Amino acid sequence: SRKVLCFGELLLRLAAPASERLLQSPRLDICVGGAEANVAVSLARLGHEVAMVSVVADNALGQAAVGELRRHGVDTRSVRAGAGRMGLYFLEAGAIQRPSRVLYDRAGSAFARADADSYDWPALLDGVSWLHLSGVTPALGASGAAAAIAAARAARQAGVRICFDGNFRSSLWQEWGVDPAPILHELMSQADVLVADHRDIAVALATQIDPHAADGGLAKAAELAFAAFPNLQRLACTQRQQRNVDHHALSAVLFHRDGSTISTPAYELPSIVDRIGTGDAFAAGLLHGLLREMSDEAGLHFALAAASLKHSVPGDFNLVDAQEIEDLLSGNGFHVR
Ligand code: KDG
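Predicted, not measured: the structure shown is a model, and the values here were computed from it.

Some thoughts on the overall build of the protein
For the protein, the helix and strand inventory stands at 12 helices and 14 strands. The C-alpha atoms of the protein give 19 Å as radius of gyration, which agrees with the globular expectation for 337 residues (20 Å, within 12%). If you line up the protein on its principal axes, its C-alpha atoms span 50 × 45 × 40 Å. Buried positions account for 54% of the 337 residues belonging to the protein. For the protein, long-range pairs separated by at least 24 residues make up 67% of all intrachain contacts whose partners lie at least 6 apart in sequence.

Next up, the structure:
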């Protein structure tokens, strides 16, 4: 079986339309997000069998969130309703020199409150080939951290490969008030693939990595990560250069345990529509390459093209299919046939 399991929180995103500020906006556009759910939707759109494990509020908002995932082809049979609310995030898009902003309102969510031992990992992982997790879940509190660690340990024991996206959210860790290092270290120790930048690795290893090196500290991060994490085979991430608030350039790099490094040229992304979920689109693209047994080089290019296309789609989900990504890769992206 080639099934992927994604574990994490479903969030509702409430975005001020166009360039309105949150403090002025009379209406908010709602969509569903959550880093791991975004990966699940991407993978479903790319044609994979993918299931979500989560807990949502036992109300219409929870049902709506689950319905959105199902609509895009994600298996939601392992998403259950529990006590607590839906986590929210408010988004204000930037304009000119004003950067975009995210406000979380998610404390006490049904997912954060769910008991760590309420998941039957051996059963959930049966027949699964990849587990995808991120650094958001362990930042939610003791239950989230314990659940993420239990999932990763069970996966390793069952021979299920693990993809972990660092997704460091300093505001969540600050709110919880614990040292993230031992928790993230434990999770990364189980991972086969890390989607992580210099900061993710520096935090997990409680060290400093100079981001001003020519490569943003990535080679150093990869060297430290391969030395610290015994199961790690690949570390990849996107690199963003901000030319302007709505014009970025995006490239990607992948380090393999065997010492090889692959880096890509950059895509120029002028007139960005929505960049939220870039990392999730990239992680899904990498998993797609691994599931399809592409070479690392082909997989990295696919993942970067997927991440680039995300900038064209409003909302958190990267609603593009494999053909559109292939078209971009073969230079046919701007043709209509
Ligand atoms: O990667 C996109 C996520 O940042 C967004 O969906 C919200 O999951 C989210 C989070 O916790 O930041």
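What to know about the environment of Gln-63
Within the secondary structure, Gln-63 sits in helix 2 (residues 60-71). For Gln-63 and Lys-310, which are 247 residues apart along the polypeptide, the C-alpha to C-alpha distance reads 25 Å.

A word on the pairing of strand 6 (residues 87-92)
In terms of burial, strand 6 is largely enclosed, as 5 of its 6 residues are buried. Judged from the 5 bridges that link them, strand 2 (residues 11-15) and strand 6 form a sheet pairing that is parallel. Its bridge partner lying in strand 6, Leu-14 is registered against Phe-90. The sheet contact formed by strand 6 and strand 7 (residues 101-105) spans 5 bridges and is antiparallel. Paired with Phe-90 across the bridge in strand 7 is Leu-103.

Here we look at the site of the ligand
Contacts to the ligand come from 13 residues, most closely from Tyr-104, Arg-106, Arg-169, Asp-280 and Asp-316. Note that an oxygen atom of the ligand is positioned 2.8 Å from one of the backbone N or O atoms of Gly-34. At 2.9 Å from an oxygen atom of the ligand is found a main-chain nitrogen or oxygen belonging to Ala-35. About the coverage of the ligand: the protein hides 91% of its 310 Å² of free accessible area. Broken down by class, the residue content of the shell around the ligand amounts to 6 nonpolar, 3 polar and 4 charged.

What to know about unusual backbone geometry
With glycine set apart, most residues show a phi of negative sign, and most peptide bonds adopt trans. One non-glycine residue, Ala-18, lies in positive phi territory at about 45°. Checked against the element boundaries, Ala-18 lands in the loop between strand 2 and strand 3 (29-33). Since its relative accessible area comes to 68%, Ala-18 is described here as exposed. In this model, Glu-293 sits at a positive phi of 55°, which is unusual for a non-glycine residue.

Section: the pairing of strand 11 (residues 234-244)
Sheet topology note: the strand 10 (residues 193-195)/strand 11 ladder contains 3 bridges and is parallel. Following the sheet pairing, Val-193 is matched in strand 11 by Arg-234. As paired elements, strand 11 and strand 12 (residues 247-256) share 10 bridges and run antiparallel to each other. The residue bridging Cys-237 from the neighbouring strand is Val-253, located in strand 12. The loop that links strand 11 with its antiparallel partner strand 12 comprises 2 residues.

What counts, and at which threshold
- Residues numbered from 1 in each chain as written.
- Predicted model: local features only at pLDDT ≥ 70, side-chain atom pairs only at ≥ 80, totals over all residues.
- Heavy atoms only, no water.
- Helix = DSSP H or I, 4+ residues; strand = E, 2+ residues; numbered from the N terminus.
- Rg over C-alpha atoms; globule rule 2.2 N^0.38 Å.
- Buried < 20%, exposed > 50% of the residue type's maximum accessible area, 1.4 Å probe, protein only.
- Contact = heavy atoms within 4.5 Å.
- Pairing = 2+ DSSP bridges.
- Near = heavy atom within 4 Å.
- Polar contact = N/O pair within 3.5 Å; in protein donor to acceptor, adjacent residues only side chain to side chain.
- Areas by Shrake-Rupley, 256 points an atom, 1.4 Å probe, with all protein chains shown as cover.
- Nonpolar A, V, L, I, M, F, W, Y, C, P; charged D, E, K, R; others polar.

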